[in-house]
Amino acid sequence: IKAVKAKGVWYIPTLDMDEAAYVYAQAPAWMQSPFFQGGLTPELKAQFADAGWRKKLLGDTKMVAASQASLAINERNLKAMVDAGVKVGFGTDSGANALRIPGFSEHRELHLLVAAGLTPGQAIRMATVDAAALLKLTDRGVIAPGKLADLVVVDGDPTADVDAAERIVAVYHRGKMVGGPIH
């Protein structure tokens, strides 16, 4: 950790990558939310509804146990890095395979960051200000004059309650509304 911090290296935990390997087969209640369901392709909806697929995946107990252990280690490492002041970026590798669902994986990552011990505000900052800094994108990441107006407007304060990030009222790209509401 000292070396990472001293060299200014960024750490990107990608917690969702570990969890996505097994969580959809467990069918947690949040999978029934309109927010989640709205992000699925018909193929993924069919796969998640297939009891045979779920049984087969969960039957690979070594893989499930390894993924769960990896997630737990990743959460501890993340918290240690944050507590030590290491620069931490935001990423999910969404789209790398079908179970890393673009759009949803980023929201799931926010929840996993909070579950790892970060505050919702830290998680939101990691996904905005810190992500822009990691990519050396000085024209975004904050709401300020002269910055790109790429915004997700939500109902609530996601820095206090990360669930608010899923209550999307509007989406703006470079100052023009391109979507919303999404619940």
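Residues numbered from 1 in each chain as written. Predicted model: local features only at pLDDT ≥ 70, side-chain atom pairs only at ≥ 80, totals over all residues. Heavy atoms only, no water.

Asks: Describe the layout of surface pockets, with residues and values.
Replies: The space that makes up the largest pocket amounts to roughly 1200 Å³. Lining the largest pocket are 34 residues, and of these Ala 127, Thr 128, Asp 150, Leu 151 and Val 152 sit closest to its centre. Looking at the lining of the largest pocket, the elements that each hand over two or more residues are helix 8 (104-115), helix 9 (120-134), strand 1 (151-154) and strand 2 (168-173). Here the lining of the largest pocket takes 5 residues from helix 9, the largest share from any one element. (1 Å grid on protein atoms, 1.4 Å probe; cavity = no way out; pocket = protein on both sides within 12 Å on 5 of 7 lines; lining within 4 Å. Points joined across faces, edges and corners; volume = space filled by probe spheres on them. Helix = DSSP H or I, 4+ residues; strand = E, 2+ residues; numbered from the N terminus.)

Asks: Provide a residue-level description of the environment of Ala 149, including the pertinent values.
Replies: With respect to the element layout, Ala 149 can be found in the loop between helix 9 and strand 1. Judged by its relative accessible area of 28%, Ala 149 is partly exposed. Each C-alpha atom, one on Ala 149 and one on Met 177, is 9.9 Å from the other, the two residues being 28 residues apart in sequence. Every residue in contact with Ala 149, bar those within four places of it in the chain, is listed here: Tyr 172, His 173, Arg 174 and Gly 175. (Buried < 20%, exposed > 50% of the residue type's maximum accessible area, 1.4 Å probe, protein only. Contact = heavy atoms within 4.5 Å.)

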